[in-house]
Amino acid sequence: KVEKPEKEIMSEIQAIIRQITASVTFLPLLNDPCAFDLVVYTKKDTSVPGEWEDSDPRYILNSETVKLRSFTTKIHKVDTMVSYKLLDE
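These remarks concern the structure in this document. (Residues numbered from 1 in each chain as written. Predicted model: local features only at pLDDT ≥ 70, side-chain atom pairs only at ≥ 80, totals over all residues. Heavy atoms only, no water.)

**Quick notes on the overall build of the chain**
Right, on to step 1. Of regular secondary structure, the chain possesses 1 helix and 2 strands.
Right, on to step 2. Taking 89 residues into account, the globule formula puts the C-alpha radius of gyration at 12 Å, and the chain, at 16 Å, lies well above it.
Right, on to step 3. Along the longest, intermediate and shortest principal axes, the C-alpha atoms of the chain span 50 × 30 × 20 Å.
Right, on to step 4. By residue count, 12% of the 89 residues in the chain fall in the buried class.
Right, on to step 5. Excluding contacts between residues fewer than 6 apart, the proportion of contacts in the chain whose partners are at least 24 apart in sequence is 42%.
Right, on to step 6. Accessible surface for the chain amounts to roughly 8600 Å². Of this, 55% is attributable to carbon and sulfur atoms.
Right, on to step 7. Treating the 12 positive side-chain charges of the chain as one cloud and the 15 negative ones as another, the clouds have centres 9 Å apart. (Helix = DSSP H or I, 4+ residues; strand = E, 2+ residues; numbered from the N terminus. Rg over C-alpha atoms; globule rule 2.2 N^0.38 Å. Buried < 20%, exposed > 50% of the residue type's maximum accessible area, 1.4 Å probe, protein only. Contact = heavy atoms within 4.5 Å. Areas by Shrake-Rupley, 256 points an atom, 1.4 Å probe, with all protein chains shown as cover. Lys, Arg positive; Asp, Glu negative; His and termini not counted. Charge placed at Lys NZ, Arg CZ, Asp CG, Glu CD.)

**Details of the layout of surface pockets**
Right, on to step 1. By volume, the largest pocket amounts to about 2200 Å³.
Right, on to step 2. Taken together, 46 residues form the lining of the largest pocket, with Asp37, Leu38, Val39, Met81 and Val82 sitting closest to its centre.
Right, on to step 3. At the level of secondary structure, the elements contributing two or more residues to the lining of the largest pocket comprise helix H1 (6-22), strand S1 (64-72) and strand S2 (77-84).
Right, on to step 4. Across the lining of the largest pocket, the residue classes break down as 27 nonpolar, 10 polar and 9 charged. (1 Å grid on protein atoms, 1.4 Å probe; cavity = no way out; pocket = protein on both sides within 12 Å on 5 of 7 lines; lining within 4 Å. Points joined across faces, edges and corners; volume = space filled by probe spheres on them. Nonpolar A, V, L, I, M, F, W, Y, C, P; charged D, E, K, R; others polar.)

**Here's the deal with unusual backbone geometry**
Peptide bonds are, in most cases, trans, and in most cases residues other than glycine have a negative phi.
Right, on to step 1. One non-glycine residue with positive phi stands out, namely Asn62, at about 55 degrees.
Right, on to step 2. Relative to the helices and strands, Asn62 resides in the loop between H1 and S1.

**Observations regarding the pattern of salt bridges**
Right, on to step 1. Under the defined criterion, the tally for this structure stands at 1 salt bridge.
Right, on to step 2. Between Lys77 and Asp79 there is a salt bridge, with the nearest N and O atoms lying 2.8 Å from each other. (Salt bridge = Lys/Arg side-chain N within 4 Å of Asp/Glu carboxyl O.)

**Topic: a nonpolar patch on the surface**
Right, on to step 1. On the surface, a nonpolar cluster with roughly 420 Å² of combined accessible area is contributed by Leu38, Val40, Val48 and Trp52.
Right, on to step 2. By secondary structure assignment, the location of Leu38 is in the loop between H1 and S1. (Patch = residues over 30% accessible without salt bridge, like charges linked within 9 Å, V, L, I, M, F, W, Y side chains within 5 Å.)

**Topic: H1**
Right, on to step 1. With 17 residues, H1 extends 24 Å from end C-alpha to end C-alpha; this agrees with the ideal 24 Å at 1.5 Å per step.
Right, on to step 2. For H1, the full list of buried residues reads Ile9, Ala15 and Ile16. Along H1, the residues classed as buried sweep out an arc of 115 degrees about the axis, all on the same side. Structural note: H1 exposes Glu6, Lys7, Arg18 and Thr21 on the side pointing more than 90 degrees away from its buried face.
Right, on to step 3. For H1, the elements touching its buried residues are S1 and S2. (Expected span 1.5 Å × (residues − 1). Arc of directions from axis to C-beta.)

Below is the structure:
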């Protein structure tokens, strides 16, 4: 693979952060404190930080999913999305 300059990678990461920030206009408003699960899918032979835990996929039944930007480096490919479920009140 062709190596990307660090400046280009940083620009792609910044674009994802801007997109997440801008998503408040179409994602549901959260009135109460809440927690988020960050799910990272890797190949089995990938080296990950020791604090990470193995788990099964986290599926949200009847959820809405918003796909965000993706980017790649020489080593990594990152796809981002937000999945959520509106609760009936």
